[in-house]
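Summary of the model geometry
Given next are the chains, with one letter for each unit.
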Amino acid sequence: MNTQAYSTWLEVDLGAIKHNIKLIKKMTGTKLMAVIKANGYGHGVMAVAKAAEEAGADWLGVARMEEALNLRNAGIATEIMVLGYTPAVLIPEAVQHQIHVAIYDIEMAQAYAASARNSAGVLKAHLKVETGMGRLGMDPELALNFLSNRKNLTNIEIDGIFTHFARADEPVIDKTREQLCIFNHLLGELRSLGLCPEMIHAANSAAVINFPEAYFDMVRPGIAIFGLDPSPDTPLSSSFRKALTWKARLTSVRTLPPGHGVSYGSVYVTSKEERIGVIPVGYGDGYRRVDGQQVLVDGSYVDVVGRVCMDQCMLQLDDLPNARPGDEVVLLGEQAGQAITAGDLAERWGTLNYEVVCGLADRLPRVYFES
Ligand SMILES: Cc1ncc(COP(=O)(O)O)c(C=O)c1O
């Protein structure tokens, strides 16, 4: 791995991602849609997509058609599904590139059918059912009606049906049970009428861990394939492996005199002679402008001091007299047996590990390896 040209970069272990995908497939015994939206949860979508394909992911899930088209244009041949909204004008491209869309509204389905007819092709779609998420989804009665009358919708093949859980990562299980009950009831009715689409799916990462009864034909994990916990209440087992490390190099180490302000606003002022290091990482990279953060230098936790700038932040290095420009700093990941997790950063930032990794800026070089 050659990182000499970089001052800050992400190291992504594709071996860990492949391992996690294989592990989930073994756990569930079902097909698996690797959800790799938002630039593969920040890990870099192209490399992640290829790794997922190699690990045996049966489908790839993204949020938007642009993401799906990028994957197709890069030669990704696995089934792809857009889980979110697709504008009707993009349906010809969906047809041409064999990308599945989500249908959750009757008027939308009619517009899609017209668009597919005009492009003389068949659009493949999965019907998304509202069971309690309150986001995108067709109410079960409408879904029943819709599938009963779908013969009017030529040029659309609905070969799947799915729903999404709102609280599968929480210790309270009633809500997910209720969602499953609503979904299963609809599936029962559809089966009795011979109308049930072939492929049924519901489980995100949390449900993969907490709700085996939600596995159906396919599971749709995102966060777990990167080795990250769905929530503090639903940690992954130690068999999962984390894929991401965020590193930087010290670009300056200086001794500042007592009473010297550090960074914008001089909110940090040296109380004595202090060794202050600089790393080329800031909020322009997705590192938050909050107080009380730490990074790892030479296997020790050191404080980030002063305000985080757009491209840089400062470290208090008094305890590390040997730290030199060029030394590696870890912002997220492990160094010499110590670790800072996405969960740790999330706690400090008042958010989720999901937002930490999805917020990693595009300008950060991603360096891939397989352990
Ligand atoms: C519809 C859908 N399915 C699956 C996932 C994957 O969720 P997770 O990353 O929690 O596994 C998401 C992510 O938000 C989603 O929106």
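What you see is a predicted model, and the numbers here were worked out from it, not measured in a lab. (Residues numbered from 1 in each chain as written. Predicted model: local features only at pLDDT ≥ 70, side-chain atom pairs only at ≥ 80, totals over all residues. Heavy atoms only, no water.)

1. What about the site of the ligand?
As a reminder, the rule being used: The rule for a residue being near a molecule or strand is that one of its heavy atoms must lie within 4 Å of it. Polar contact criterion, stated in full: a pair of N or O atoms within 3.5 Å, where within protein one must be able to donate a hydrogen and the other to accept it, and residues adjacent in sequence count only if both atoms are side-chain atoms. The Shrake-Rupley method, run with a 1.4 Å probe sphere, supplies the accessible areas, and residue values consider only the shown protein chains as cover. Three classes are used: nonpolar for Ala, Val, Leu, Ile, Met, Phe, Trp, Tyr, Cys and Pro, charged for Asp, Glu, Lys and Arg, and polar for all others, with Gly counted as polar.
The full set close to the ligand counts 13 residues, and K37, Y41, S205, G222 and Y354 are the nearest of them. One nitrogen or oxygen atom from the side chain of K37 is found 2.7 Å from an oxygen atom belonging to the ligand. In the model, an oxygen atom of the ligand is placed 2.6 Å from a nitrogen or oxygen of the Y354 side chain. Isolated, the ligand exposes 390 Å² of accessible area, and the fraction of that covered by the protein chains is 91%. Partitioning the shell around the ligand into residue classes produces 5 nonpolar, 4 polar and 4 charged.

2. Brief notes about the domain arrangement of the protein chain
Selection rule: Note that the domain bounds were set by an automatic or database domain assignment.
For the protein chain, the domain assignment lists domain 1 (14–226) and domain 2 (244–340). Each of domain 1 and domain 2 was reduced to a C-alpha centroid, and the two centroids are 42 Å apart.

3. Describing the nonpolar core
Generally speaking, a soluble globular protein has its nonpolar side chains buried in company with each other. Note the threshold: Among buried residues, those of type Ala, Val, Leu, Ile, Met, Phe, Trp, Tyr and Cys that are joined through side-chain atoms within 4.5 Å constitute a nonpolar core. Summary of the burial criterion: residues with accessible area below 20% of their type's maximum are buried, those above 50% are exposed, and those between are partly exposed, where the area comes from a 1.4 Å probe applied to protein chains only. Helix numbering and strand numbering both begin at the N terminus, where a helix is a DSSP run of H or I of at least 4 residues and a strand a DSSP run of E of at least 2. Contacts: residue pairs with any heavy atoms within 4.5 Å of one another.
Counting residues in each nonpolar core, the largest one holds 122 residues, and the members touching the most others are I36, I103, I161, Y287 and L315. For this core, the element with the highest residue contribution is helix α3 (residues 45–55), accounting for 7 residues. Both domain 1 (14–226) and domain 2 (244–340) contribute no fewer than three residues apiece to this core. Here I161 is in contact with H126, L127, V129, L147, F183, L186, L187, L190, P197, M199, I200 and H201, once residues within four sequence places are set aside. Of all hydrophobic cores here, the second largest spans 7 residues; its members include L256, V278, C309 and M314.

4. Describing unusual backbone geometry
We note that F216 has phi near 45°; this positive angle belongs to a residue other than glycine. With respect to the element layout, F216 can be found in the loop between α9 (205–210) and β9 (218–219). When its relative accessible area of 22% is taken as the criterion, F216 is described as partly exposed. For S263, which is not glycine, the phi dihedral falls at a positive 75°.

5. As for helix α10 (residues 342–349)
Residues separated by three or four positions in an α-helix point in the same direction, a consequence of the helix having 3.6 residues per turn. Selection criterion: Here the arc refers to the set of directions running from the helix axis out to each C-beta atom.
Turning to α10, its buried residues number three or more, namely A342, L345, A346 and W349. Considered in projection along α10, the buried side chains sweep an arc of 100° and stay on one side of the axis. Against the buried residues of α10 lie β18 (328–335), β19 (338–340) and α11 (353–358). Of the residues one or two after α10, G350 is the one with positive phi, at around 70°.

6. Digging into the packing of aromatic side chains
Each pair of aromatic rings is reported with the distance of its centres and the angle of its planes. To keep things clear, this is the line we draw: Any two rings among Phe, Tyr and Trp, with Trp reduced to its six-membered ring, count as a pair given centres within 6.5 Å; such a pair is stacked if its planes are under 30 degrees apart, edge-to-face if over 60, and tilted if neither.
A complete count under the given rule lists 5 aromatic pairs for this structure. With a centroid separation of 6.1 Å and 40° between ring planes, the pair formed by Y41 and Y354 is classed as tilted. Of this pair, Y41 sits in helix α2 (residues 37–41) while Y354 sits in helix α11; the two residues are 313 residues apart in sequence, bridging distant segments of the chain. For Y41, a relative accessible area of 8% puts it in the buried group. Considering the side-chain rings of F183 and F216, the 5.4 Å spacing of their centres and the 85° angle between planes classify their relative orientation as edge-to-face. Of the two residues, F183 is situated in helix α8 (residues 174–192) and F216 in the loop between α9 and β9; the sequence distance between them amounts to 33 residues. You can call F183 buried: its relative accessible area is 0%.

7. Some words on the pattern of salt bridges
Note the threshold: A carboxyl oxygen of Asp or Glu within 4 Å of a side-chain nitrogen of Lys or Arg is what we treat as a salt bridge.
Using the criterion set out here, one finds 12 salt bridges in the structure. The partner of K18 in a salt bridge is E370, and the shortest N-O contact between them spans 2.8 Å. Here the residue K18 occupies a position in helix α1 (residues 14–28), and E370 occupies one in the segment after β20 (366–369), the gap between them amounting to 352 residues. Judged by its relative accessible area of 11%, K18 is buried.

8. Describing the environment of Q338
Within the element layout of this structure, Q338 appears in strand β19. Note on Q338: relative accessible area 31%, which makes it partly exposed. For the pair Q338 and V297, spaced 41 residues apart in sequence, the C-alpha separation works out to 10.0 Å. The contact partners of Q338, leaving out residues within four places of it in the chain, are L296, G299, Y301 and G333.

9. Section: the packing of helix α7 (residues 140–148) against α8
Just so we agree on the cut-off: Think of each axis as a best-fit line through the C-alpha atoms, taken over the contacting stretch in the case of a helix, with angles from 0 to 180 degrees between the N-to-C directions. In this scheme, roughly parallel covers angles under 35 degrees and roughly antiparallel covers those over 145, while 65 to 115 is roughly perpendicular and the rest are oblique. Left-handed is the label given to a crossing in which the near helix is rotated counterclockwise from the far helix by less than a right angle, and right-handed is the label when the rotation is clockwise.
Across the interface, α7 lies against α8 with an axial gap of 10 Å and an inter-helix angle of 20°. Between α7 and α8, the angle is such that the two are roughly parallel. Handedness of the crossing formed by α7 with α8: right-handed. Where α7 approaches α8, its residues P140, A143, L144 and L147 are matched on the opposing element by I182, L186, E189 and L190. Here the contact of α7 with α8 is built from residues that sort into 7 nonpolar, no polar and 1 charged.

10. A short note on the side chain of R366
We apply this condition: Lys and Arg are tallied as positive, Asp and Glu as negative. Neither His nor the chain termini are counted.
Along the chain, R366 falls in strand β20. There is no salt bridge for the buried R366, and the closest opposite charge comes from D362, which lies 4.9 Å off by N-O distance. In this structure the side chain of R366 is engaged in a polar contact, spanning 2.8 Å, whose partner is the backbone oxygen of G42. A polar contact is formed between the side chain of R366 and the backbone oxygen of L364, at a distance of 2.9 Å. The residues touching R366, leaving out its near neighbours within four places in the chain, are L10, V12, N39, G42, H43, G44, L360 and A361.

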